[in-house]
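# Coordinate inspection notes
As a plain string of letters, each chain reads:
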Amino acid sequence: MDDLSIIEVSLVIGFYIFALLLGAIGREILFGLMALRYGDDTPKQHQRITLNPLKHIDLFGTFIIPFTLIILGANFIFGYAKPMPINYENIQHKTGYKGCLYVALSGTFFNFLVALCAVAILRLGLDYGFIQTKGLVMQFLFIVLQVNIMLAIFNLLPIPPLNGALILAYLGLYFQTSFFARWYNNLEKYGMILIIIVLLLPPTQEVILWIMKNVLLFFLKL
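Notes on the structure follow. (Residues numbered from 1 in each chain as written. Predicted model: local features only at pLDDT ≥ 70, side-chain atom pairs only at ≥ 80, totals over all residues. Heavy atoms only, no water.)

### A closer look at the environment of Phe18
The test is simple: Starting at the N terminus, helices and strands are each numbered in turn, a helix being any DSSP run of H or I of at least four residues and a strand any DSSP run of E of at least two.
On the secondary structure map, Phe18 appears in helix H1 (residues 3-37). Measuring from C-alpha to C-alpha, the distance between Phe18 and Trp183 comes to 35 Å, with 165 residues separating the pair along the chain.

Here it is, written out as structure tokens:
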């Protein structure tokens, strides 16, 4: 591998790491802001509503997992920041299950918003000529788009502690059924095992990749 190739690979890895930090940390900050908005000041008490990345980085989830997946050439990148401390009972007491649902949805909203912004900048840049096709800026924006869609979709899987399971639980409680909340509580202790199985099994990988690709195509066609 020549020096130019090493620089290009290093840049791509750097782009992925930055995009992951943006997507994973940004969603946690929005979780904290939404929790504060709907009645829980636990994130503020823990000094987690901050742009300082050191407050949000989880060594294993933010660096080791995604970096390993990048090096191994995995089909999709997954990672996470340090979970935002949130007391949903406080939110439920002050704003009901609707507030809990809004907080649970905020991370997904953030990732899709970042993806939408990346697409808008790409479209404008290509239309007005200040972004070159196959240039570094285009590559960077596409990676930001790709990683945020991956984070949004993967975190929507209905497996605790992923947000998909929490959204289902509070959606059910909002419509006065506790089925999904009980299901969440029963599965929570097996959550990480189930996530590893999902990551390792080819059939589940194919389903997740199919969803991600179609969502990515949808955003690119906007």
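### Focus on empty space enclosed by the protein
Our working rule: Cavities and pockets are defined on a 1 Å grid built over the protein atoms alone: a cavity is a set of grid points where a 1.4 Å probe fits but cannot escape, while a pocket is an open set with protein on both sides within 12 Å along at least five of seven lines, and lining residues are those with an atom within 4 Å of any such point. Grid points are joined across faces, edges and corners, and a volume is the space filled by probe spheres set on the points. Gly counts as polar in this scheme, as do all residues outside two lists: the nonpolar Ala, Val, Leu, Ile, Met, Phe, Trp, Tyr, Cys and Pro, and the charged Asp, Glu, Lys and Arg.
As enumerated under the stated definition, the model contains one cavity of 30 Å³ or more in all. In this model, the largest cavity occupies a volume close to 30 Å³. The wall of the largest cavity is formed by Tyr16, Ile17, Leu20, Thr62, Phe63, Pro66, Phe67 and Ile70. When contributions to the lining of the largest cavity are tallied by element, the ones reaching two or more residues are H1 and helix H3 (59-71). Of all the elements, H3 adds the most residues to the lining of the largest cavity, at five residues. Broken down by class, the residue content of the lining of the largest cavity amounts to seven nonpolar, one polar and no charged.

### Thoughts on the nonpolar core
Put simply, the rule is: Only buried residues count toward a nonpolar core, which is a set of Ala, Val, Leu, Ile, Met, Phe, Trp, Tyr and Cys residues joined through side-chain atoms within 4.5 Å. Here the term buried applies to any residue with accessible area under 20% of the maximum for its type, exposed to any over 50%, and partly exposed to those in between, with areas from a 1.4 Å probe on protein chains only. The contact rule is simple, with two residues in contact once any of their heavy atoms fall within 4.5 Å.
Core analysis: the largest hydrophobic core is formed by 37 residues, its most contacted members being Leu145, Val147, Ile149, Phe154, Leu162, Met212 and Phe219. With nine residues, the single largest contributor to this core is helix H5 (residues 136-155). Those residues in contact with Val147 that sit more than four places away from it in its chain are Tyr16, Ala19 and Leu20. Counting residues in each nonpolar core, the second largest holds 19 residues, with Tyr38, Leu101, Leu166 and Tyr170 among its members.

### What to know about helix H6 (residues 163-174)
Worth spelling out the cut-off: Multiplying one less than the number of residues by 1.5 Å gives the expected span of a helix.
Its 12 residues give H6 an end-to-end C-alpha distance of 16 Å, which sits within 8% of 16 Å, the value for a rise of 1.5 Å per residue. In terms of burial, H6 is largely enclosed, as nine of its 12 residues are buried. Every buried residue belonging to H6 is among Asn163, Gly164, Ala165, Leu166, Ile167, Ala169, Tyr170, Gly172 and Leu173, and all of these are buried. A positive phi of about 65° marks Gln176, the residue just after H6.

### Some points on the side chain of Arg48
The test is simple: In this tally, Asp and Glu contribute negative charge and Lys and Arg positive charge; neither His nor the terminal groups of the chain are included. Counted as salt bridges are all cases of a side-chain nitrogen of Lys or Arg within 4 Å of a carboxyl oxygen of Asp or Glu. Any N or O atom pair separated by 3.5 Å or less is treated as a polar contact, with the protein-specific requirement of one donor-capable and one acceptor-capable atom, and with residues adjacent in sequence counted only for side-chain atom pairs.
By the secondary structure assignment, Arg48 is in the loop between helix H2 (42-45) and H3. Of the buried charged residues, Arg48 lacks a salt bridge, with Glu28 as the closest side chain of opposite charge at 5.0 Å. At 2.7 Å, the side chain of Arg48 and the backbone oxygen of Lys82 are in polar contact. One polar contact links the side chain of Arg48 to the main-chain carbonyl oxygen of Pro83, over a distance of 3.0 Å. Dropping the residues within four chain positions of it, Arg48 is found in contact with Pro43, Lys55, His56, Lys82, Pro83, Met84 and Pro85.

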